[in-house]
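Observations on the model geometry
The primary structure of each chain is shown beneath.
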Amino acid sequence: MKNQRIVLASRPKGEPKQSDFRIEEIDVPAPVDGEVLLRTLYLSLDPYMRGRMSDAKSYAKPVEVGEVMEGGTVAEVISSKHAGLSPGDIVLSYSGWQQYSTASTGLRKLDPSVGPVSTALGVLGMPGMTAYTGLLTIGQPKEGETVCVAAATGPVGSMVGQIAKIKKCRTVGIAGGEEKCRALIEEFGFDVAVDHRSANFAEQLKTACPSGIDVYFENVGGEVWSAVLPLLNDFARVLVCGLIAHYSATELPAGPDRTPDLMMRILRQRLTLRGFIVTDFADQASAFHRDVVQWIKQGQIKYREDIVEGLEAAPEAFIGLLRGKNFGKLVVRVTSEGQSHCAQGEPT
């Protein structure tokens with residue numbers, strides 16, 4: 001058998017291009033003692049991957065040119081020399097952009113009865129836990145407060161808004177386009193939705209937040225942040241989770257240095273601005289899973305998945321993600337579960 005994989009062909013200058021990726025075929029590896037051979041079912045595509053394509057200093061090691069692109073996966077155990085896993089088991093893994101891989105650690109067996117296994121990459125995975133831990137630990141929303149979130153129809157943003165509603169807050173979602181804004185109200189239960197593509201976006205956001213903003217969950221940066229900053233209340237908490245508007249920037253934005261104004265606001269209004277990475281709160285994984293599974297069962301949490309077909313579609317889908325083209329958690333179906341079981345002679 002051959003293993004199809006996608007490697008980093010070159011470091012992007014600005015926005016990634018198709019030529020920055022390369023599809024390769026190599027022999028499927030054989031597991032050694034303590035390892036399993038995995039066939040990837042689903043591959044998660046996430047904004048943080050843009051940072052891994054750069055060699056700039058960051059909180060994680062970059063992908064080297066010629067290496068497989070990193071990414072979370074849901075995979076089926078094909079063969080096992082691992083004491084705790086058997087062929088047919090479905091696991092959460094970190095196999096990256098490839099069809100087959102071997103692993104001995106970093107594996108978590110999934111229970112398909114809880115829900116579609118793809119949710120381990122979204123609402124019950126890293127994005128969901130990012131929303132849960134960040135909002136509740138840093139944001140600490142209180143009943144009646146206004147919680148505002150950017151990229152609100154994404155897997156993190158939509159969770160932030162829904163958890164804020166569970167905590168009896170007023171929720172304001174920022175998204176791009178009429179369809180997404182409509183879904184924020186009708187599907188995800190936000191109180192107000194504001195389209196950042198509108199010509200008078202800043203004015204609309206001010207109208208949507210007549211009592212200001214107490215908690216802001218930042219996923220975007222750029223002009224969205226510029227519109228939010230004047231609306232922050234005294235003692236507001238700002239959670240910096242992502243800055244997708246800047247990930248492909250090649251230079252600082254034009255204009256005056258706004259740092260002194262920001263620092264003065266932080267001082268005068270006693271603001272809290274904190275960046276975080278979901279792994280900072282790894283000890284909350286059990287509580288997250290317990291609460292979110294219950295909220296889904298009760299209908300308090302809804303989610304969307306944006307599934308594209310085939311590993312070869314990953315580069316184009318990822319480039320689209322950085323442009324805001326996805327709606328919901330972006331996942332690549334590398335191998336269907338039915339096809340994978342058939343390959344093992346099991347019923348579908």
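Here the structure is a predicted model, which means the values were calculated and not measured. (Residues numbered from 1 in each chain as written. Predicted model: local features only at pLDDT ≥ 70, side-chain atom pairs only at ≥ 80, totals over all residues. Heavy atoms only, no water.)

Remarks on the environment of M1
Quick note on the threshold: A run of DSSP states H or I qualifies as a helix once it reaches four residues; a run of E qualifies as a strand once it reaches two. Both are numbered from the N-terminal end. Relative accessibility decides the category of a residue: with a 1.4 Å probe and only protein chains considered, values under 20% of the type maximum give buried, values over 50% give exposed, and everything between is partly exposed. Residues count as neighbours in contact if any of their non-hydrogen atoms are within 4.5 Å of one another.
As for its position among the elements, M1 is in the segment before β1 (2-8). Look at M1 and you get exposed, because its relative accessible area is 66%. A C-alpha to C-alpha distance of 6.4 Å links M1 and D27, two positions 26 residues apart in sequence. Filtering out sequence-adjacent residues up to four positions away, M1 remains in contact with I26, D27, V28 and Y100.

Description of the environment of V192
By the secondary structure assignment, V192 is in strand β10 (residues 192-195). For V192 and R170, which are 22 residues apart along the polypeptide, the C-alpha to C-alpha distance reads 8.5 Å. In contact with V192, not counting residues within four places along its chain, are R170, T171, V172, G173, I185 and A208.

Here we look at the packing of aromatic side chains
Threshold: Geometry of aromatic contacts follows a simple scheme: Phe, Tyr and Trp rings, the Trp one being its six-membered ring, pair when their centres are within 6.5 Å, and the pair is stacked under 30 degrees between planes, edge-to-face over 60, tilted otherwise.
Applying the stated criterion to the full structure yields eight aromatic pairs. The interplanar angle of 65° and the centroid separation of 5.7 Å between the aromatic rings of Y132 and F288 together place this pair among those described as edge-to-face. Linking Y132 in helix α2 (residues 126-139) with F288 in helix α8 (residues 285-297), this pair joins segments that are 156 residues apart in sequence. The pair Y132 / F288 is uniform in exposure class, with both members buried. Both rings, one in F276 and one in F281, keep their centres 6.1 Å apart while their planes meet at 45°; by these two values the pair is tilted. Owing to a relative accessible area of 5%, F276 belongs among the buried residues under this scheme. Look at F281 and you get buried, because its relative accessible area is 6%.

Quick notes on the side chain of T146
With respect to the helices, strands and loops of the structure, T146 is situated in strand β8 (residues 146-149). Those residues in contact with T146, other than ones at most four positions away along the chain, are R170, V172, G212, I213, D214 and V215.

Quick word on the sheet that holds strand β13 (residues 272-275)
We count it as follows: Here the rule is simple: two strands pair whenever DSSP picks up at least two bridges between them. Where helices are involved, their axes are fitted lines through C-alpha atoms of the stretch in contact, as for all axes, and angles between N-to-C directions lie from 0 to 180°.
Overall, parallel pairing links the six strands, which are arranged β10-β9-β8-β11-β12-β13 in an open sheet. Strands with a single pairing partner mark the edges of an open sheet, and in this sheet they are β10 and β13. Across the sheet, the mean angle from the axis of one strand to that of its neighbour is 15°, orientation sign disregarded. Sitting on the sheet, helix α3 (residues 155-166) is in contact with β8, β9 (170-175) and β11 (213-218), with an inclination near 170° to β8.

A short note on unusual backbone geometry
The residue Q140 is not glycine, and still its phi comes out positive at about 45°. Mapping Q140 onto the fold places it in the loop between α2 and β8. Look at A151: it is not a glycine, yet its phi comes out positive at around 50°.

Notes on α2
Using the following cut-off: The span you would expect from a helix comes to 1.5 Å times its residue count less one.
With 14 residues, α2 extends 18 Å between its outermost C-alpha atoms, agreeing within 8% with the 20 Å of an ideal straight helix rising 1.5 Å per residue. Extensive coverage of α2 is indicated by the burial of eleven of its 14 residues.

Observations regarding the confidence of the model for the protein
How we decide: A residue's pLDDT is simply how confident the predictor is in it, with values from 0 to 100.
Averaged over all residues, the pLDDT of the protein is 94; the fraction at 70 or higher stands at 97%. Across residues 340-348 the pLDDT falls below 50, and counting only partners more than four positions away or on other chains, this stretch makes 13 contacts in the model.

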